[in-house]
Amino acid sequence: ADEKAQHQGNLGGHARVVSAAGSSSSAGGWNEKEMKERARLTAIALHVAFETNDIEGLRDLTDPKFLERIQCLLQEFVDRGERREFPNLCVRRVDLAMARPANGQKPDEFIARVTLHAQRVKTVNGQSIVQDEDVGKFQKLLHFQRQHGKFVLTDLPEAPGETPA
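Residues numbered from 1 in each chain as written. Predicted model: local features only at pLDDT ≥ 70, side-chain atom pairs only at ≥ 80, totals over all residues. Heavy atoms only, no water.

Undergrad: Honestly, the sheet that holds strand β6 (residues 109–118) in this entry has me stumped. Any pointers?
TA: The strands that make up a sheet pair up through hydrogen bonds in the backbone, lying either parallel or antiparallel. Taken in spatial order, the 4 strands line up as β5-β6-β9-β10 in an open sheet, and their pairing is antiparallel. Of all the strands in the sheet, just β5 (90–100) and β10 (150–155) have a single pairing partner and so form its edges. When strand polarity is set aside, the average angle formed by the axes of neighbouring strands in this sheet is 35°. Both β6 and strand β9 (residues 136–147) contribute to a ladder of 10 bridges, which runs antiparallel. The partner of Ala-118 across the bridge, within β9, is Gly-136. Packed on one face of the sheet, helix α2 (residues 64–79) meets β9 and β10 and runs near 40° to β10. (Pairing = 2+ DSSP bridges. Helix = DSSP H or I, 4+ residues; strand = E, 2+ residues; numbered from the N terminus. Axes fitted to C-alpha atoms, helices over the stretch in contact; angles between N-to-C directions. Contact = heavy atoms within 4.5 Å.)

Written as structure tokens, this is what we have:
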């Protein structure tokens with residue numbers, strides 16, 4: 001194993017990252033509660049964007065390049081006549097799956113696993129394709145990097161068995 005590889009340590013209170021060499025740091029800005037809240041707000045804003053085809057609520061939460069990718073995806077949905085809705089959307093739990101400090105090449109970053117529930121509805125040209133009878137639980141992985149002093153969404157890695165929005 002690479003001695004410089006970073007491994008997730010105890011996340012109690014502050015993200016604590018431990019290197020293979022055994023040193024640890026509790027870097028400023030690694031506040032677990034704030035990181036989880038950022039992930040919760042971003043997950044909700046992301047689903048609102050998918051419902052409304054409007055990215056404004058994501059602007060301050062998302063990396064500008066990734067925001068462009070989301071805008072292109074939303075435009076593809078519009079072009080295909082697709083609409084997504086998430087009635088009764090609720091964040092049930094947020095877990096930090098990974099936290100890694102800057103290493104000279106990459107900024108501070110973390111991945112949150114957000115567990116939500118909603119009734120998912122997908123229509124194409126007004127015809128219902130998917131419509132859940134009741135709320136169902138699903139997860140999203142959200143990848144954040146620190147930019148200009150705050151964590152912003154930079155990617156949506158897929159979790160095993162995850163269904164895209």
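Undergrad: So what exactly am I meant to see when it comes to empty space enclosed by the protein here?
TA: One simple way to see leftover space: roll a probe sized like a water molecule over the atoms. Applying the stated criterion across every chain yields a total of 1 cavity of 30 Å³ or more. Around the largest cavity, the lining residues are Phe-50, Glu-51, Asn-53, Phe-77, Glu-82, Arg-83 and Arg-84. Mapped onto the lining of the largest cavity, the elements with two or more residues apiece are α1 (32–52) and β4 (82–85). Per-element accounting of the lining of the largest cavity gives the leading share, 3 residues, to β4. Taken together, the residues of the lining of the largest cavity break down into 2 nonpolar, 1 polar and 4 charged. (1 Å grid on protein atoms, 1.4 Å probe; cavity = no way out; pocket = protein on both sides within 12 Å on 5 of 7 lines; lining within 4 Å. Points joined across faces, edges and corners; volume = space filled by probe spheres on them. Nonpolar A, V, L, I, M, F, W, Y, C, P; charged D, E, K, R; others polar.)

Undergrad: Hey, could you run me through α2 in this one?
TA: Spacing of three or four residues puts side chains on the same side of an α-helix, whose turn is 3.6 residues. The terminal C-alpha atoms of α2 lie 22 Å apart, and with 16 residues this matches the ideal 22 Å at 1.5 Å per residue to within 8%. Listing the buried residues of α2 in full gives Phe-66, Leu-67, Ile-70, Leu-74 and Phe-77. Along the axis of α2, the buried positions cluster into a sector of 105°, meaning they face one direction only. Projecting away from the buried face of α2 at angles above 90 degrees are the exposed residues Pro-64, Lys-65, Glu-68, Arg-69 and Asp-79. Where α2 is buried, its residues touch α1, β4 and β10. Two residues or fewer after α2 comes Gly-81, characterised by a positive phi angle close to 75°. (Expected span 1.5 Å × (residues − 1). Buried < 20%, exposed > 50% of the residue type's maximum accessible area, 1.4 Å probe, protein only. Arc of directions from axis to C-beta.)

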